[in-house]
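# Examination of the molecular architecture
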Amino acid sequence: MDRPKQSSQQIILNRTRFNSIEFETGHVELVLPRGRDVKFPIGISNYGAPTQLNLTASNEIEDCVRFLHNDFAAVGKTVVDAIIRIRTQRHGSIVVTAGYGANTDGFDIDLIAEPYQEIDADPDLAVPGESALRSREVSPLPSHQVLKVVAALAFILVVLKLFTNMVPGYVGIAAAIMLLVILIMYKLFTTSSQ
C-alpha cells in the first residue's frame, strides 16, 4: 500500500483546554495515484485525560476515504490511518469530534489525482510512418526461389506417384493439389503485376 507524497496531518487534543481540538495545518493537499489504496496517517497527540474521538469524512469524499480505526479513546500519542482511493480530484474535509460531541472541528483536504504518466518507449519499437510501410510491403507470394523449389518438389512427387509405386497415394494427391494451387497463384500474381 502506498503512502501519499505529502506528510501526515497532526491533531492536537486538550492542549489549550478540555476537549480542545487543534490541527497542525488547516488544509491538507495530497497527490495520489489513481485507483490505488493509499494510507494517509493522521497523528494524534492528547495532552490531557483520555478523550473519545471520532473521525468523519465529509459527504464530498466519504465514498473514497475510510478509517481503519475510529471512534476510540485517544490516550497520549497515536496514529489513525485513513485509506484513500480516488480516480479524479476531490475536495472535502475530515471532521474530528472529541468527547462524545463536546467539541467538533475539521480540516480541509484536497485529493489530487496524479497526472497520467507518459510511457517512455524505444523509438525503434514505434509504428513506422506510411512511407516506411510502403517500402517494406510484403508481396502476397513468397519469394520466387522458394516457390520454384516447392513447385519442383510437388512435381517430382506427382511424377513418382504416376509412374512408380514409391510414393503413397495420399502423398501424390496432396502434391498434385499443391502444384495446382502454386500454378494458379503464380498465374494470378503475374497477370496482376502487369
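So, a few notes on the structure that sits alongside this text. Keep in mind that what you see is a predicted model, and the values were worked out from it rather than measured.

### Overview of the overall build of the chain
Scanning the chain from terminus to terminus reveals three helices and 10 strands. For the chain, the sequential pattern of α-helices and β-strands runs β-β-β-β-β-β-β-β-β-β-α-α-α. Long-range contacts, defined as pairs at least 24 residues apart, comprise 67% of the intrachain contacts of the chain with a sequence gap of at least 6. Summed over all atoms, the accessible surface of the chain reaches about 12,800 Å², with 57% contributed by carbon and sulfur.

### Examining the environment of Val171
With respect to the helices and strands, the residue Val171 is situated in helix 3 (residues 169–192). Along the primary structure Val171 and Val158 are separated by 13 residues, whereas in three dimensions their C-alpha atoms are 8.4 Å apart.

### Comments concerning the pattern of salt bridges
Where side chains of opposite charge bring their charged atoms close, a pairing between them can arise. Under the definition given, this model contains three salt bridges. Arg85 is paired through a salt bridge with Asp37; the nearest N and O atoms lie 2.8 Å apart. Of the two residues, Arg85 is situated in the loop between strand 8 (77–84) and strand 9 (90–98) and Asp37 in the loop between strand 3 (27–32) and strand 4 (38–46); the sequence distance between them amounts to 48 residues. Residue Arg85 is classed as partly exposed on the basis of its relative accessible area of 39%.

### Topic: unusual backbone geometry
Here Asn14, not a glycine, exhibits a phi torsion of approximately 60°, which is positive. Asn14 sits in the buried class, given a relative accessible area of 8%. Not every positive phi belongs to a glycine, and Asp71 is a case in point at roughly 55°. The residue Asp71 is located in the loop between strand 6 (65–67) and strand 7 (72–74) in this model. Judged by its relative accessible area of 47%, Asp71 is partly exposed.

### Digging into the sheet that holds strand 5 (residues 51–57)
Within the open sheet, the five strands sit side by side as 3-10-9-5-7. Their pairing is mixed. Edge positions in the sheet fall to strand 3 and strand 7, since each of these pairs with one other strand and no more. Here the strands of the sheet are splayed against their neighbours by 35° on average, with no regard to which way each runs. In this structure, strand 5 lies alongside strand 9, joined through five bridges in antiparallel fashion. Note on strand 9: the bridge partner recorded for Asn54 is Thr97.

Rules used throughout
- Numbers given for residues are sequential positions, taken from 1 along each chain in its written order.
- Local features in this predicted model are restricted to residues whose pLDDT is 70 or higher, and side-chain atom pairs enter the listing and the counts only when it is 80 or higher, whereas totals over whole chains, interfaces and linings include all residues.
- Excluding hydrogens and water, the side-chain values take into account all heavy atoms of the structure.
- Helix numbering and strand numbering both begin at the N terminus, where a helix is a DSSP run of H or I of at least 4 residues and a strand a DSSP run of E of at least 2.
- The criterion used for residue contact is that any of the two residues' heavy atoms lie within 4.5 Å.
- Only the protein chains shown count as cover for residues, with accessible areas throughout obtained via the Shrake-Rupley method and a probe of 1.4 Å.
- For this document, the term salt bridge refers to a Lys or Arg side-chain nitrogen within 4 Å of an Asp or Glu carboxyl oxygen.
- Exposure classes here rest on a 1.4 Å probe applied to the protein chains alone. A residue is buried below 20% of its type maximum, exposed above 50%, and partly exposed in between.
- Two strands form a pair only when DSSP identifies at least two bridges running between them.
- With axes taken as lines fitted to C-alpha atoms, and helix axes fitted only over the stretch in contact, angles between N-to-C directions fall between 0 and 180 degrees.

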